[in-house]
Amino acid sequence: MEKYIITAFEKNGANVLDESFEAQDDKEAKKIGEELLKQKGLEKNSARVVSSQGKLVLFKR
């Protein structure tokens, strides 16, 4: 399992979500990230998911 970090932002740049989670691979991490955003009502916010190596897995603007 690899560690990933999801971060979501308001339009003014304020950080509203910063959590880590584990996933088997980048594909699963992207799916988990999208689900977390939906669960927290942040699917319309800018967001990103990055791997522990710094690889960008998901970017929503």
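Rules used in this analysis
Once a new chain begins, its residue numbering starts again from 1 and follows that chain's sequence as written. Totals for whole chains, interfaces and linings use all residues, but because this is a predicted model, local features are given only for residues with pLDDT of at least 70 and pairs of side-chain atoms are given and counted only at 80 or more. Water and hydrogen atoms were dropped before computing side-chain values, which therefore reflect all heavy atoms in the structure. By the criteria applied, helices consist of DSSP H or I runs no shorter than four residues and strands consist of E runs no shorter than two, each listed in order from the N terminus. Note on classification: 1.4 Å probe, protein chains only; a residue is buried when its accessible area is under 20% of the maximum for its type, exposed when over 50%, partly exposed between these limits. Counted as a polar contact is a pair of N or O atoms within 3.5 Å, where, for protein atoms, one must be capable of donating a hydrogen and the other of accepting one, and residues adjacent in sequence contribute only when both atoms are in side chains. Contact criterion: two residues are considered in contact whenever any of their non-hydrogen atoms come within 4.5 Å of each other. When DSSP finds at least two bridges between two strands, those strands are taken to pair. By definition, a salt bridge exists where a carboxyl oxygen of Asp or Glu is found within 4 Å of a side-chain nitrogen of Lys or Arg.

Asker: Whenever I open this one, the side chain of Thr-7 confuses me. Can you help?
Answerer: On the secondary structure map, Thr-7 appears in strand S1 (residues 2-9). Residue classification places Thr-7 among the buried residues on the basis of a relative accessible area of 5%. Side chain to side chain, Thr-7 and Asp-18 meet in a polar contact 3.4 Å long. Those residues in contact with Thr-7 that sit more than four places away from it in its chain are Asn-15, Leu-17, Asp-18, Ser-46, Ala-47 and Arg-48.

Asker: Which parts of the structure should I look at to understand the pairing of strand S4 (residues 56-60)?
Answerer: Remark: a regular strand shows side chains that alternate across the two faces of the sheet. When strand S3 (residues 46-51) meets S4, the two strands line up antiparallel, connected through four bridges. Within the sheet, the bridge partner assigned to Val-49 lies in S4 and is Leu-58. Between the antiparallel neighbours S3 and S4 lie four residues, among them Gly-54 with a positive phi of about 95 degrees.

Asker: Explanation requested: the pairing of S1 in the structure shown.
Answerer: As paired elements, S1 and strand S2 (residues 15-23) share eight bridges and run antiparallel to each other. By the bridge assignment for S2, Tyr-4 is matched with Phe-21. Here S1 hands over to S2 after five residues, with Gly-13 in that stretch at a positive phi of 95 degrees. As paired elements, S1 and S3 share six bridges and run antiparallel to each other. Along S3, the bridge assignment pairs Tyr-4 with Ser-51.

Asker: Any chance you could explain the pattern of salt bridges here in plain terms?
Answerer: For the structure on display, the rule yields two salt bridges. Notably, a salt bridge pairs Glu-19 with Lys-40, separated by 3.1 Å at the nearest N-O pair. Placement of Glu-19 in strand S2 and of Lys-40 in the loop between helix H1 (26-39) and S3 is noted, with a sequence separation of 21 residues between them. The partly exposed category is assigned to Glu-19, whose relative accessible area is 29%. Residue Asp-26 pairs with Lys-55 through a salt bridge whose shortest N-O separation is 2.7 Å. Linking Asp-26 in helix H1 with Lys-55 in the loop between S3 and S4, this pair joins segments that are 29 residues apart in sequence. Residue Asp-26 is classed as partly exposed on the basis of its relative accessible area of 22%. With relative accessibility at 48%, the residue Lys-55 sits in the partly exposed group.

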